[in-house]
Amino acid sequence: MLASLFTPSLLPILSAKWSLFLGSLCWTIYHAGFFYLNNYFYYFSSALMGVGFALFYTGYTAYLTSHSSRETIEQNSAITWSIGNLCLLFGGAVLFVVFHFNNDMLVADGPSNFSSSSEIEYTVASRQFDDRDIVWMYGAFFVITLCSNLIFAVIPTRDVDSCIEGGQTIQTQSLKEEVYKMLSAFIDVNMLLLMPLFIHIGIITAFWLAVYPTTFLFTESLAAYRYMPAYYSASAGLGEIAMGAIITGGSRVIRDFGMMPTLCISAFSTMVVLVALAASVPEWATIEPTNEQPWLIQPRYVTEFITEYPLFQDRSRLQTCN
């Protein structure tokens, strides 16, 4: 979050291309750390990845606007987002391979916890990953981020004709002036109106990246489904790609389809999916290992796909609206 406050000020110095490159390089360093993991490097690389995340999305937005016109920005945003999320399908494939060949420690006895109703201690089973699992998974991610480093190092920098940023004189300003200009944007009326949407995107992203996947590890009834995280990643990728295709097609037929129509679809699908998740996740599954049963729906592979597919379609819609 702190990195997001100053990385936009670095954009005129670094350019969109090299912001993308440096941002992706931070991710490569983070993934490399899992080969020789220790506390100090892990926290350092996590902070570095936060900086890289801010650099990457600052550069991504600038590069997109410099290579899109006002007529093509919606479909270009949807296309690039869909292509980028092919990584979720690849990640799902990697998890399938890892779980297939290394299933020794997928299910293990978890720590004891307490029933909220009877306060009786019990032991539950939960999913765990050993060092070999971690090396295989992050090794694959490391290779992919290396490829992204090479791609961003050679992408063209020349703006396309009639791009959104075209025709504007580049003004050289000091870093102090850039920071002041960026901070002044926080009190802009349009920025204040969009702030609730940005907060929502941050919360929903944290939810699907960290909170909900934790239930796969801590729910005893799901611990035996060793391919569940792989299905999660694959269905997420399909949802992102499908919605990108829908927005691309809709933008060609309906003017500004990527704005209010997309937001309305997003709001409705988000409410439906969150209700489904609330009905299928045990109460304490996001906090500790539990053998509680879900409120209404017992999650399986099919329900996993049905809920995650529109959830990640929603994320794609929100990203395109931005």
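Counting from 1, residues in each chain are numbered in the order their sequence is written. Local features in this predicted model are restricted to residues of pLDDT 70 or higher, and side-chain atom pairs are both shown and tallied only at a pLDDT of 80 or more, whereas totals for entire chains, interfaces and linings draw on every residue. With hydrogens and water set aside, each side-chain value is computed from the structure's full complement of heavy atoms.

Asks: Please provide a residue-by-residue account of helix 7 (residues 189–218), values included.
Replies: In DSSP terms, a helix is any run of H or I states spanning at least four residues, a strand is any run of E spanning at least two, and both are numbered starting from the N terminus. Given a helix with a known number of residues, its expected span is that number minus one, times 1.5 Å. Here helix 7 spans 44 Å end to end across 30 residues, near enough to the 44 Å set by a 1.5 Å rise per residue. Of all the bends in helix 7, the greatest measures close to 45° and is centred on F207. Restricting attention to buried positions, one finds in helix 7 the residues L197, I201, I204, T205, W208, Y212, P213, T214, T215 and F216. The opening residue of helix 7, the one whose side-chain oxygen lies 3.0 Å from the backbone nitrogen of N190, is D188. What the bend at a residue measures is the angle between two axes, fitted to the seven residues ending there and to the seven starting there. Burial classes follow relative accessibility: with a 1.4 Å probe on protein chains only, a residue under 20% of its type's maximum area counts as buried, one over 50% as exposed, and anything between as partly exposed. As used in this structure description, the phrase polar contact means that two N or O atoms lie within 3.5 Å; if the pair is within protein, one of them must be able to donate a hydrogen and the other to accept it, and residues adjacent in sequence are counted only when both atoms belong to side chains.

Asks: Pulling in residues and values, what's your account of the packing of helix 7 against helix 9 (residues 228–253)?
Replies: Close contact between helix 7 and helix 9 brings their axes to 10 Å; oriented N to C, the two are set at 145°. Crossing geometry of helix 7 relative to helix 9 is assigned as right-handed. Between helix 7 and helix 9, the contacting residues are W208, L209, Y212, P213 and F216 on the first element and M228, P229 and Y232 on the second. Looking at the contact of helix 7 with helix 9, its residues break down into eight nonpolar, no polar and no charged. To define axes, lines are fitted to C-alpha atoms, for helices over the stretch in contact only, and angles between the resulting N-to-C directions are given on a 0 to 180 degree scale. Handedness of each helix crossing follows the sense of rotation of the near helix against the far helix: counterclockwise by less than a right angle gives left-handed, clockwise gives right-handed. The contact definition used throughout considers only heavy atoms, calling two residues in contact when any of these lie within 4.5 Å. The residue classification treats Ala, Val, Leu, Ile, Met, Phe, Trp, Tyr, Cys and Pro as nonpolar and Asp, Glu, Lys and Arg as charged. All others, Gly included, are polar.

Asks: Break down the packing of helix 2 (residues 39–66) against helix 3 (residues 73–84) for me, with residues and values.
Replies: Orientation of helix 2 relative to helix 3, taken along the N-to-C sense of each, is 140°, at an axis distance of 11 Å. Comparing the axis directions of helix 2 and helix 3 gives the class oblique. The element helix 2 and its partner helix 3 pack so that their crossing is right-handed. Facing Y57, Y60 and L64 of helix 2, the residues of helix 3 in contact are I73, N76, S77, T80 and W81. Classifying every residue of the contact of helix 2 with helix 3 gives five nonpolar, three polar and no charged. By definition in this entry, angles of less than 35 degrees are roughly parallel, angles greater than 145 are roughly antiparallel, angles of 65 to 115 are roughly perpendicular, and the rest are oblique.

Asks: Could you give an account of a nonpolar patch on the surface, naming the residues involved and the relevant values?
Replies: For patch detection, residues must exceed 30% relative accessible area and be free of salt bridges, and they are connected within 9 Å for like charges or within 5 Å for nonpolar side chains (Val, Leu, Ile, Met, Phe, Trp, Tyr). Under the convention used here, a 1.4 Å probe and the Shrake-Rupley method define accessible areas, while residue burial counts only the protein chains that appear. Criterion for a salt bridge: a side-chain nitrogen of Lys or Arg within 4 Å of a carboxyl oxygen of Asp or Glu. Taken together, the side chains of L2, L5, L183, F186 and I187 make up a nonpolar region of the molecular surface, amounting to roughly 500 Å² of accessible area. Note that L183 resides in helix 6 (residues 175–184). Its relative accessible area of 43% is what places L183 among the partly exposed residues.

Asks: I'd love a proper account of the UniProt feature "transmembrane region" (unreviewed entry) in the chain, names of residues and values included.
Replies: The UniProt feature table records "transmembrane region" (unreviewed entry) at residues 40–66, 78–101, 135–155, 191–210, 230–250 and 262–281. Across residues 78–101, the secondary structure splits into 96% helix and 0% strand, with the terminal C-alpha atoms separated by 36 Å. Annotation note: span residues 191–210, helix share 100%, strand share 0%, distance between end C-alpha atoms 27 Å. UniProt positions are given in the numbering used here, feature names are shortened, and annotations may be inferred rather than shown by experiment.

Asks: Before we move on, can you summarise the nonpolar core with the specific residues and values?
Replies: Residues grouped as a nonpolar core are buried Ala, Val, Leu, Ile, Met, Phe, Trp, Tyr and Cys residues, joined through side-chain atoms within 4.5 Å. Ranked by size, the top nonpolar core spans 13 residues in total, and within it A16, L20, F56, Y60, Y63, F152 and I155 carry the most contacts. Mapped onto this core, the elements with two or more residues apiece are helix 1 (3–32) and helix 2. If we ignore the near neighbours within four places in the chain, the residues touching F152 are K17, L20, F21, S24 and F56. Of all hydrophobic cores here, the second largest spans 10 residues; its members include W208, Y212, M228 and L277.

Asks: Give a description of helix 3 that names residues and reports values.
Replies: Taking 1.5 Å per residue as the helical rise, helix 3 with its 12 residues ought to reach 16 Å, and the 16 Å between its terminal C-alpha atoms agrees with that figure. Restricting attention to buried positions, one finds in helix 3 the residues E74, Q75, N76, S77, A78, W81 and S82.

Asks: I'd love a proper account of the environment of T61, names of residues and values included.
Replies: For T61, the location among the structural elements is in helix 2. Distance from T61 to S77, taken between C-alpha atoms, is 9.2 Å for residues 16 residues apart in sequence. Of the polar contacts made by the side chain of T61, one reaches the backbone oxygen of Y57; its length is 2.9 Å.

Asks: Before we move on, can you summarise the confidence of the model for the chain with the specific residues and values?
Replies: pLDDT: the predictor's confidence for each residue, scored from 0 to 100. Residues with a pLDDT of 70 or more make up 80% of the chain, whose mean pLDDT is 76. Ranking the elements of the chain by mean pLDDT puts strand 1 (residues 107–114) last, at 45, and helix 2 first, at 88. Contacts from residues 105–122, a stretch scored under 50 in pLDDT, to residues over four places away or in other chains number 47 contacts.

Asks: Quick rundown of the packing of aromatic side chains? Include the residues and the values.
Replies: The relative placement of two aromatic rings is captured by the distance of their centres and the angle of their planes. Side-chain rings of Phe, Tyr and Trp (the six-membered ring for Trp) are treated as a pair once their centres are within 6.5 Å; stacked means planes under 30 degrees apart, edge-to-face means over 60, and tilted covers the remaining angles. Applying the stated criterion across every chain, the model contains 18 aromatic pairs. Where Y30 meets F34, the ring centres are 5.2 Å apart and the plane angle is 80°; that geometry is what we call edge-to-face. Comparing Y30 with F34, the two get one shared label, buried. Each ring, one from F56 and one from F152, has its centre 5.8 Å from the other, and the planes form 65°; the classification is edge-to-face. Here F56 is found in helix 2, whereas its partner F152 is found in helix 5 (residues 131–154), with 96 residues between them in sequence. Comparing F56 with F152, the two get one shared label, buried.

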